[in-house]
Amino acid sequence: MEEHYQPSSCETQAQRYWEENRTFNAVEDPRREKYYCLSMFPYPSGRLHMGHVRNYTIGDVISRYQRMQGKNVLQPMGWDAFGLPAENAAMKNNVAPAQWTYDNIDYMRKQLKSLGLAIDWEREIATCKPDYYRWEQWLFTRLFKKGLIYKKNGIVNWDPADQTVLANEQVIDGRGWRSGALVEKREIPMYYFRITSYAEELLADLDTLPDWPEQVKAMQRNWIGKSRGMEVHFPYAPSPQPSPITGEGVAKEVLKVFTTRPDTLMGVTYVAVAAEHPLAIQAAAHNPALQAFIDACKKGGVTEAELATQEKTGMATGHYVQHPFTGERLPVWVANYVLMGYGEGAVMAVPAHDERDFAFATQYSLPIKAVIRPADGVLPMPLTAAYTDYGLLFNSNEFDGLTFEHAFDSMAAALQAKALGQPKIQFRLRDWGISRQRYWGCPIPIIHCADCGDVPVPDDQLPVVLPEDVVPDGSGNPLAKMPQFYETTCPACGKPARRETDTMDTFAESSWYYARFASPQATTGMVDEKARYWLPVDQYIGGIEHAILHLLYARFFHKLMRDEELVTGNEPFAKLLTQGMVLAETLYRTHPNGKKEYYFAHEVTLERDNKGRTISAILIADGQPVTVGGIETMSKSKNNGVDPQELVDKYGADTARLFMMFAAPPEQSLEWSDAGVEGAFRFLKRLWKRVAEHLSHGPAPALDDGKLTTDQRALRLQVHETIRKTSDDIGRRYTFNTAIAATMELINALYRFEDTSEQGRAVMQEALESIVLILSPIVPHITHALWHELGHADAIVNASWPQPDPAALVKDSIELVVQVNGKLRGRICVPATASRPEIEAVALADENVKRFVDSSAIKKMIVVPGKLVNIVVAG
């Protein structure tokens, strides 16, 4: 064999073998246990980053390990190819998004293949291909007919200059990221998935996922947000009246609110409605100042997170509603913190018992009425802050003295008797708006007919193909300017009609790709019978940043497809692993204006201490100091990323893979270390060298357990202990770093083992074969070569995981720690079968222990079998 490790030749040969033999092409086989391992597919941005390398290496290690367990493994790959970044890049480079996307896919596919991933590339999909999104459109038309997709007006961020809807992150300081125009809230027609119809099931089924991280399940529970509360109706007059609302028969309409604290109902002093609420619009019709305020609200945020941080402002409408119990007139305010899309777009304000309402009431000098006091005390008056805890009702007429639960039941009965409310379960989850007024996405398969209304595109006219030769200019949706796209005929009546030009939210494509991978060539439906074999995904891997929306939408899609009898089971992913981020130190200078200029590591000369920590940095260009910043997530904006291709070119893919798996457990953040990468490379060279040295003595004979010496048995014991440990580390715990550490310890032991006798070489052969097998899921290229060098005709990729030999695990002797009064004073080696008196005698005979023990002062001796001896002496 070659004397020195050559990564490029190892990796070329191994990858050629896998490709020529179609090694990782998965075929359905009902006789074998299947294992479907899936990593979240990438957006084709153009280049891999270290987050990709880590994510896909984790999945690859798991896949290869399960293959060695004899399972029928599927590990596919594809591209989340639609989305706004492609449009932005296309405008910047004056190319069509399709060309930019396909070029990037070609390059990134090459990069992924260079990592040696065990991927079935014959199942590759790209969500921008018509043969993929055709079936998304097909499902859309069925759900639309069932009412699970519907159309209504929704509030969006509207850029009046570019004539387009902006995502929340594209609004910067209230202006469009591209045009700089002041962004408006605008109400436009939108298509919605009725995900709220599945809210209860989405919540309940989280309890059926024991192999999901509790953190992720908690995040989903909070997002779904099930609340037990009360719907309360506040009567009001149907038209503006200058006089107070009085008398029966006047207040004909009701303002509906939902509250989780009906016990505070007697403390309501005003109600607040969203700027788009009918009461607000009605009041503004004859109030220019209020209309101006409403217009200003439309320039604010549209999410709860934005509303939580922005200044709370409001204006009285001049209208009133009645309190459902007392009939008291309560003013109606328009407030910028109320969202029309949540509940009924109205809230009952209880300033004494809600922090936001307290601040608002204080700002606008509105009444504050306390109605809840601590159960074991009084409420200090006047209030200096809202009292938000539960307690006993007071100042609440017939409800005085009641606890929350008793008040809930009593008020529910009273409201129902008046037909002014009832208990209600409410979810924070809102229906999923999927309309996007952008080009590079899946066309929504609806045709608008003046006579027939909104008509789904018939199956035989699918897919509605997105033209791929368009270069957007940034001003609105190009499809809306293309008569050749939107001009069509109504499939119902045959009259001229207009095709929908909105495209779908790209979350839709990523919500069912896992199922398409199971039958990517299906031509008669979204999936075929092959999906029933592969689903659910046995192991899903991806970043924690996708813990809410992507995973929630994928779970929702699975239930939709189940109800269409396309798939079985209630959940798409049996087991979930969320890997941590890849971090690296930042290098920068701060300019006088406060702006930071970041530098790449190769632009700087670094001085490190003996522990590898950076203690100074000098910019090569000018010889002046650079600030060494903290450890942060790798990003292009801070120039602290490492190009995976450069790493592979310099050290090989196996070094990159080994470092990624060794530096940290997968769920924790990984701190980048050049020294760690070099250490991984040195380890692989040591492994190669030890195999070469072993083979230089010629073929090893068969191992004869009955002829082994004590040292040979000791090494064989360590080999099989390592097999046992790494089997658990990789197979169950996913602590790849501890598995690698154990093999490193074993390699060190092999370098100390200089026995070249026949049985010495037999033990060494077994040890090296075991190490190569253990490491093969992690570093598949070098182990492919070493397995052949060790004398095996078949490839290691077809080998089974090693099994610990029970006979080898039987210890002839054991090492025990010896303590004197609890302090470590020595270590002894005794036969595994030694009796307690024999152990005590050996401990007392140890020269170092004797220095701390006066035999006449021994009070007692404690022997913990297999672990330690503690000698307790007086004094």
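Calculation notes
Every chain is numbered independently, its residues counted from 1 as its sequence is written. Totals for whole chains, interfaces and linings use all residues, but because this is a predicted model, local features are given only for residues with pLDDT of at least 70 and pairs of side-chain atoms are given and counted only at 80 or more. Note: side-chain values were computed over all heavy atoms of the structure, leaving out hydrogens and water. Secondary structure is summarised from DSSP: a helix means a run of H or I of at least four residues, a strand means a run of E of at least two, and numbering begins at the N terminus for each. Any two residues having at least one pair of non-hydrogen atoms within 4.5 Å are treated as being in contact. Here a cavity is any set of points on a 1 Å grid over the protein atoms alone where a 1.4 Å probe fits but cannot get out, and a pocket is any open set with protein on both sides within 12 Å along at least 5 of 7 lines; a residue lines the site when it has an atom within 4 Å of a point. Grid points are joined across faces, edges and corners, and a volume is the space filled by probe spheres set on the points. Residue type decides the class: Asp, Glu, Lys and Arg count as charged, Ala, Val, Leu, Ile, Met, Phe, Trp, Tyr, Cys and Pro as nonpolar, and the leftover types, Gly among them, as polar. Strands were regarded as paired on the criterion that DSSP finds at least two bridges between them. What counts as an axis is a line fitted to C-alpha atoms, over the stretch in contact for a helix, and the angles between N-to-C directions run from 0 to 180 degrees. Any helix carries an expected span of 1.5 Å times its number of residues minus one. Summary of the burial criterion: residues with accessible area below 20% of their type's maximum are buried, those above 50% are exposed, and those between are partly exposed, where the area comes from a 1.4 Å probe applied to protein chains only. By arc we mean the arc of the directions from the helix axis to the C-beta atoms, nothing more. Centres within 6.5 Å make a pair out of two Phe, Tyr or Trp rings, where for Trp the six-membered ring is used; the pair is then stacked when the planes are under 30 degrees apart, edge-to-face when over 60, and tilted otherwise.

As a further point, take the environment of Phe 140. In this fold, Phe 140 is placed in helix H5 (residues 130-146). Residues Phe 140 and Asn 821 lie 681 residues apart in sequence; the distance between their C-alpha atoms is 75 Å. In this structure Phe 140 touches Ile 149, Tyr 191, Ile 434, Ile 444, Pro 445, Ile 446 and Met 504, once residues within four positions along its chain are discounted.

This part is about empty space enclosed by the protein. Inspection of the entire model under this criterion finds 7 cavities of 30 Å³ or more. In this structure, the largest cavity encloses a volume near 140 Å³. Leu 84, Glu 87, Thr 164, Arg 438 and Gly 474 are, among the 17 residues lining the largest cavity, the residues nearest its centre. Within the residue set of the lining of the largest cavity, elements represented by two or more residues are helix H3 (84-93) and strand E6 (164-166). When residues of the lining of the largest cavity are assigned to their parent elements, the largest contribution, 4 residues, is made by H3. Split by residue class, the lining of the largest cavity holds 6 nonpolar, 7 polar and 4 charged.

A separate point is the sheet that holds strand E2 (residues 72-74). The 4 strands lie next to each other as E2-E1-E26-E27, forming an open sheet whose pairing is parallel. Both outer strands of the open sheet, E2 and strand E27 (576-579), are each paired with one neighbouring strand and no more. Neighbour to neighbour, the strand axes of the sheet diverge by 15° on average, direction disregarded. Pairing geometry for strand E1 (residues 34-39) and strand E26 (residues 539-543), over 3 bridges, is parallel. Opposite Ser 39, over in E26, you have Ile 541 as the bridge partner.

Because an α-helix completes one turn every 3.6 residues, residues spaced three or four positions apart along the sequence face the same direction. Taking 1.5 Å of rise per residue, the 14 residues of helix H1 (residues 7-20) would be expected to cover 20 Å, and the 20 Å separating its terminal C-alpha atoms lies within 8% of that figure. Listed as buried for H1 are Pro 7, Cys 10, Glu 11, Ala 14 and Trp 18. Taken end-on, H1 shows its buried residues confined to a sector of 90°, consistent with a single buried face. Those residues of H1 that are exposed and aimed more than 90 degrees away from the buried face are Ser 8, Glu 19 and Glu 20. Against helix H2 (50-68), helix H18 (644-651), helix H19 (653-662), helix H20 (674-695) and helix H24 (780-789) lie the buried residues of H1. Arg 22 sits one or two positions beyond H1 and adopts a positive phi of about 45°.

A few words on unusual backbone geometry. Cis geometry is adopted by the peptide bond preceding Pro 382, which originates at Met 381 and carries an omega value of -5°. Looking at where Pro 382 falls in the secondary structure, it is placed in the loop between strand E16 (372-373) and strand E17 (392-393). Here the residue pair Leu 535 and Pro 536 is connected by a cis peptide bond, since its omega of 0° sits within 30 degrees of zero. Assignment of secondary structure puts Pro 536 in the loop between helix H16 (530-534) and E26. Of note, the phi angle at Asn 94 is positive, near 55°, even though the residue is not glycine. Relative to the assigned elements, Asn 94 resides in the loop between H3 and helix H4 (97-114). Of note in the backbone geometry, Ser 365 takes a positive phi value of approximately 55° without being a glycine.

Before going further, it helps to examine the packing of aromatic side chains. A full pass over the atoms with the stated rule returns 40 aromatic pairs. Summarising the aromatic geometry, the rings of Tyr 150 and Tyr 192 are spaced 5.6 Å apart at their centres and angled 15° between planes, so their arrangement reads as stacked. A residue pair is termed long-range when its members are at least 10 positions apart, and Tyr 150 in strand E5 (residues 149-159) and Tyr 192 in strand E9 (residues 184-193) qualify at 42 residues. Comparing Tyr 150 with Tyr 192, the two get one shared label, buried.

This next bit is on the environment of Phe 358. Within the secondary structure, Phe 358 sits in helix H11 (residues 355-363). With 36 residues separating them along the chain, Phe 358 and Gln 322 place their C-alpha atoms 21 Å apart. The contacts of Phe 358, once residues within four sequence positions are left out, are Pro 351, Ile 368, Leu 383, Thr 384, Ala 385 and Ala 386.

The next point concerns helix H23 (residues 758-775). In this model H23 runs 26 Å from its N-terminal to its C-terminal C-alpha over 18 residues, within 8% of the 26 Å that 1.5 Å per residue would give. When you tally the buried positions in H23, you get 17 out of 18 residues, the bulk of the element.

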